[in-house]
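Spelled out from the first residue to the last, the chains are:
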Amino acid sequence: PETVSKAFNDFITAHSYLSSRQLQFLDLLKNYIIERGELQKRNLIESPFTMLHPEGIRGVFNPKEIDEILSLTQKLLAA
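A few points on the structure.

Rules used in this analysis
- Residues numbered from 1 in each chain as written.
- Predicted model: local features only at pLDDT ≥ 70, side-chain atom pairs only at ≥ 80, totals over all residues.
- Heavy atoms only, no water.
- Helix = DSSP H or I, 4+ residues; strand = E, 2+ residues; numbered from the N terminus.
- Core = buried A, V, L, I, M, F, W, Y, C linked by side-chain atoms within 4.5 Å.
- Buried < 20%, exposed > 50% of the residue type's maximum accessible area, 1.4 Å probe, protein only.
- Contact = heavy atoms within 4.5 Å.
- Expected span 1.5 Å × (residues − 1).
- Arc of directions from axis to C-beta.
- Phe/Tyr/Trp six-rings, centres within 6.5 Å; stacked < 30°, edge-to-face > 60°.
- Salt bridge = Lys/Arg side-chain N within 4 Å of Asp/Glu carboxyl O.

## Things to note about the environment of Val4
So, step 1. Counting through the fold element by element, Val4 comes out in helix 1 (residues 2-14).
So, step 2. Val4 sits 71 residues away from Lys75 along the chain, and the two C-alpha atoms are 10.0 Å apart.

## Overview of unusual backbone geometry
So, step 1. Following Ser47, the chain continues to Pro48 via a peptide bond in cis, the omega torsion being 10 degrees.
So, step 2. In this structure, Pro48 sits in the loop between helix 2 (20-36) and helix 3 (63-78).

## Points about the nonpolar core
So, step 1. Formed by 22 residues in total, the largest nonpolar core has its most connected members in Phe8, Phe25, Leu29, Leu44 and Phe61.
So, step 2. Looking at this core, the elements with two or more residues in it are helix 1, helix 2 and helix 3.
So, step 3. In this view, Phe61 contacts Leu18, Gln22, Phe25, Leu26, Ile66 and Ile69; residues no more than four positions away in its chain are not counted.

## What about the side chain of Thr73?
So, step 1. Within the fold, Thr73 resides in helix 3.
So, step 2. Discounting residues that sit within four places of it in the chain, Thr73 has contacts with Leu29, Ile33 and Leu39.

## Some remarks on helix 2
So, step 1. With 17 residues, helix 2 extends 24 Å from end C-alpha to end C-alpha; this agrees with the ideal 24 Å at 1.5 Å per step.
So, step 2. All of the buried residues along helix 2 are Gln22, Phe25, Leu26, Leu29, Lys30, Tyr32 and Ile33. For helix 2, the angular spread of buried residues about the axis comes to 160 degrees, placing them on one side. Exposed positions of helix 2 whose direction lies more than 90 degrees from the buried face are Ser20 and Glu35.
So, step 3. Where helix 2 is buried, its residues meet helix 1 and helix 3.
So, step 4. The positive-phi residue at the C-terminal boundary of helix 2 is Gly37, with phi of around 70 degrees.

## Points about the packing of aromatic side chains
So, step 1. Under the counting rule described, the total for this entry stands at three aromatic pairs.
So, step 2. Relative to Phe49, the ring of Phe25 has its centre 5.1 Å away and its plane inclined at 40 degrees; by these criteria the two rings are tilted. Of this pair, Phe25 sits in helix 2 while Phe49 sits in the loop between helix 2 and helix 3, placing them 24 residues apart in sequence.
So, step 3. Between Tyr32 and Phe49, the ring centres sit 5.2 Å apart and the planes meet at 55 degrees, which makes this aromatic pair tilted. Residue Tyr32 is located in helix 2, and its partner Phe49 is located in the loop between helix 2 and helix 3; the two are separated by 17 residues in the primary sequence.

## Focus on the pattern of salt bridges
Close approach of charged atoms allows side chains of opposite charge to pair.
So, step 1. Considering all chains together, one arrives at three salt bridges under this definition.
So, step 2. Across the pair Asp27 and Lys30 runs a salt bridge, and its minimum N-O distance is 3.4 Å. Taken together, the residues Asp27 and Lys30, both in helix 2 and three residues apart, mark about one turn of the helix.
So, step 3. Among the ionic pairs, Glu68 bridges to Lys64, the shortest N-O distance being 2.7 Å. Within this pair, Glu68 and its partner Lys64 are both found in helix 3, separated by four residues, close to a single helical turn.
So, step 4. Judged by its relative accessible area of 58%, Lys64 is exposed.

In structure tokens:
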């Protein structure tokens, strides 16, 4: 959990322009990874992520940001 939290905090620090909804999404994602220890790309367009936007991650972030988030989660889950 500490590694995951630190990685997300670093990501948020590097992306200081994120909106409150984006920060909410990242917090949800962080907790999802900590609780389940896994994440499939399709999970990001399913519940609980669709509670923030009907399209999940696609409705909250642009494609470049989505790629960065997927890269972050892959690194975390590979560790």
